[in-house]
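A look at the structure
The residues making up each chain are set out below.
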Amino acid sequence: MEQTEQQKKVSLIPYLMKYKWHYLAGIVLLLVVDLANLYVPRYMGDIIDGLTEGAFGMEGVIPLLWKILAAGAAMMVGRFGWRYFIFGAARGIEYRLRDDMFSHLETLSARYFNSHKTGDLMAHFTNDLQAVRMAVGPAVVTVFDAVVMTVMVLFQMVVYVDLQLTVLAFVPLTLVAVGCYFYGIEAKKRQTRRQEAFSSLSDKVQESLSGVRVLKAFVQEEEDFKAFARASENVKEKNLAVVKLRAVFGPSLDAVTGISLLLTLIFGGKMVLAGTISVGQFVAFTTYISMLVWPMIACGDCINMFSQASAAFQRISCIFREEPDIVDREGIPEGEDVKIRGELTLKDLTFTYPDGEEPVLQSVNLHVKAGEMLGILGRTGSGKSSLADLLLRVYDCQEGSLLVDGRPITEFPLAVLHRDMAYVPQDNFLFSDTLEENIAFGLEERISQNPELRQRIRRAASAACIHDNIMDFPEAYGTVVGERGVTLSGGQKQRSSIARALLMDASVLILDDSLSAVDTDTEEKILENLMELRRGRTTIVIAHRISTLQKADHVAVLTEGKLTEYGTHEELLEKNGFYAHIYEKQQLEQELTAL
């Protein structure tokens with residue numbers, strides 16, 4: 001149902017309808033401005049004719065001047081009004097579209113973000129949204145104003161001056177319509193390529209800045225700059241392609257309008273000399289010709305803005321057409337009263353990533369009682385993190401079953417799974433915020449709403465053995481960490497993430513190699529605290545060090561996606577298999593280090 005609603009929002013019509021009264025008010029005011037602007041040349045012509053023909057003196061000029069001033073005042077107020085309503089509506093549409101796009105992105109599954117780069121997604125929120133805003137704001141004004149002004153100016157030229165002269169002057173301007181058609185086709189192609197180049201550049205900059213420390217460590221600054229220069233050159237070329245097209249189209253419009261004005265001067269001048277039209281009418285007519293120039297130029301601008309917006313909205317629509325892979329099954333209750341106990345069962349579980357060919361987990365059978373601690377050991381790529389992803393429903397398994405408290409995991413709402421399962425990933429992510437806010441991130445309540453939360457944060461930090469480090473910082477818990485926690489060491493980031501998970505007090509805690517960056521003494525303290533705090537709650541510890549796993553109730557060994565060993569620490573040592581081999585190797589390394 002949620003996706004159906006999002007599919008409807010691919011069209012801009014629902015957004016435009018929300019601001020229909022704004023557009024109506026803006027267009028009415030725009031019409032007032034055009035009408036007022038239309039009569040100024042006529043009043044000036046009347047003044048010229050009155051003075052040259054001696055029909056009236058200054059006493060007749062004053063009322064006409066007051067009319068010109070009134071028209072000017074109406075234009076001033078009207079221009080403010082239509083900008084307020086139409087540009088305000090365009091900003092509102094941009095705001096709503098941005099919010100809907102961001103909220104829809106948050107519903108998408110991991111598969112989508114694995115195949116779409118951050119820089120490209122950022123371009124949707126900057127360049128593409130700006131192009132759409134220009135189409136529903138300035139372009140709307142330009143189209144209406146150009147059409148209305150053209151019609152009304154032509155009407156005034158025919159009624160107030162002369163039909164034949166109007167046709168003679170306007171015929172060259174009709175060539176603009178043909179030029180605009182072909183210009184629009186080519187402009188759309190070039191705008192699409194320009195926006196794609198901008199996305200690539202955005203992604204390159206984002207990736208380089210995020211990995212700047214790796215670049216420096218491997219002395220690859222020069223090579224990276226060359227790659228950036230190539231992306232920047234590509235953007236320049238695509239932008240110049242658009243500029244070149246405009247450079248041809250603009251002067252062509254000027255040439256056509258120049259021809260029209262030249263014909264007006266030649267034939268209109270003869271008509272003045274012949275007495276067919278007055279001097280005032282001729283002056284007004286030339287002013288009207290000048291007023292027609294802007295609608296003709298605006299025609300090209302409109303096509304340019306609409307072509308940009310069309311290409312941009314196609315890219316935005318692709319986001320809304322994406323469907324999340326992992327959703328709540330129909331008919332599942334909200335689950336506010338559902339509480340996971342922590343019993344986990346895997347029956348013949350087989351899993352292959354959506355873009356993969358070989359299964360990363362094959363026929364895995366496991367049973368973890370509620371309140372137990374399960375350790376998972378295996379080489380890199382053996383499927384340990386994939387198992388964690390399945391428990392968190394980042395992905396769904398294709399074969400076999402995964403039961404939580406005896407029920408298929410798909411029978412639990414995602415909100416319940418994420419509430420009752422805490423997770424500390426390998427890649428510990430901290431936001432550019434205070435340490436206090438980072439640790440409290442998993443809670444619905446905020447510190448400002450519950451001051452007692454600060455004590456719970458400190459207890460969780462103490463259990464994760466990070467409290468003393470935090471208190472050594474100048475601002476203590478108020479210390480703002482850099483992007484992705486870059487100002488902290490690897491061990492500090494890991495322990496801050498562990499504190500965040502402990503604070504949730506979830507029924508199931510999954511630690512995915514979360515103690516690899518801490519020393520063995522700190523690791524032992526954290527494990528002791530976990531054993532104490534997590535008594536009666538299920539804990540899954542994924543690690544490469546036996547010291548992290550030997551206190552677990554059971555240990556599962558994964559080898560190339562298969563469960564090859566299972567038992568307690570002592571039972572696995574007696575089997576003299578992979579677990580025992582790793583244990584002996586790590587014991588030897590520890591003894592050599594101690595020498």
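The structure reproduced in this document is the subject of the present report. (Residues numbered from 1 in each chain as written. Predicted model: local features only at pLDDT ≥ 70, side-chain atom pairs only at ≥ 80, totals over all residues. Heavy atoms only, no water.)

Re the packing of aromatic side chains
Counted by the stated rule, this structure contains seven aromatic pairs. For the pair Phe351 and Tyr353, a centre-to-centre distance of 4.9 Å together with 70° between the ring planes defines the contact as edge-to-face. Classification of Phe351 by relative accessible area gives buried; the value is 1%. Here Tyr353 falls in the partly exposed class, since its relative accessible area comes to 22%. (Phe/Tyr/Trp six-rings, centres within 6.5 Å; stacked < 30°, edge-to-face > 60°. Buried < 20%, exposed > 50% of the residue type's maximum accessible area, 1.4 Å probe, protein only.)

Regarding the sheet that holds strand β2 (residues 361-368)
Sheet strands pair by backbone hydrogen bonding; their relative direction is either parallel or antiparallel. The strand order β2-β1-β4-β5 describes an open sheet built from four strands, whose pairing is antiparallel. One side of each edge strand has no neighbouring strand; the edge strands of this open sheet are β2 and β5 (407-408). Bridge count between strand β1 (residues 344-351) and strand β4 (residues 399-404): five bridges; the pairing is antiparallel. Considered in β4, the bridge of Thr345 is made with Leu403. Relative to the sheet, helix α13 (residues 384-391) contacts β1, β2 and β4, its axis offset from that of β1 by approximately 120°. (Pairing = 2+ DSSP bridges. Helix = DSSP H or I, 4+ residues; strand = E, 2+ residues; numbered from the N terminus. Contact = heavy atoms within 4.5 Å. Axes fitted to C-alpha atoms, helices over the stretch in contact; angles between N-to-C directions.)

Looking at the pattern of salt bridges
According to the stated counting rule, one finds 12 salt bridges in the structure shown. As a salt-bridge pair, Glu94 and Arg133 come within 3.3 Å of each other at their nearest N and O atoms. With Glu94 in helix α4 (residues 58-107) and Arg133 in helix α6 (residues 118-136), this residue pair connects regions lying 39 residues apart in the sequence. Since its relative accessible area comes to 9%, Glu94 is described here as buried. Measuring nitrogen to oxygen at the nearest pair gives 3.4 Å for the salt bridge that ties Arg341 to Glu343. (Salt bridge = Lys/Arg side-chain N within 4 Å of Asp/Glu carboxyl O.)

Re unusual backbone geometry
The phi torsion at Ser363 lies on the positive side, around 50°, for a residue other than glycine. Mapped onto the elements of the fold, Ser363 is located in strand β2. With phi around 55°, Asp405 is a residue other than glycine that occupies positive phi space. Here Asp405 is to be found in the loop between β4 and β5. For Asp405, a relative accessible area of 15% gives the class buried.

Notes on the nonpolar core
One finds Ile439 and Leu509 to be the most contacted residues of the largest nonpolar core, which totals 45 residues. Ranked by size, the runner-up nonpolar core spans 33 residues in total, among them Met75, Ala89, Ile93 and Val136. (Core = buried A, V, L, I, M, F, W, Y, C linked by side-chain atoms within 4.5 Å.)

So, the pairing of β4
Two strands pair when backbone bridges link them, and β4 and β5 are joined in this way by two bridges, in the antiparallel orientation. Pairing of Leu403 across the sheet is with Pro408, part of β5. In sequence, β4 turns back onto β5 through a hairpin of two residues, with Asp405 there showing a positive phi of about 55°.

Focus on the pairing of strand β3 (residues 373-378)
Of all six residues making up β3, six are buried, and the element is well covered by its neighbours. Of the two faces of β3, the one lined by Met373, Gly375 and Leu377 and the one lined by Leu374, Ile376 and Gly378 are each fully buried. Pairing of β3 with strand β8 (residues 538-542), which is carried by four bridges, proceeds in the parallel orientation. Bridge pairing links Gly375 to Val541 in β8. In this structure, β3 lies alongside strand β9 (residues 554-559), joined through five bridges in parallel fashion. Looking at β9, one finds that Gly375 is bridged to Val555.

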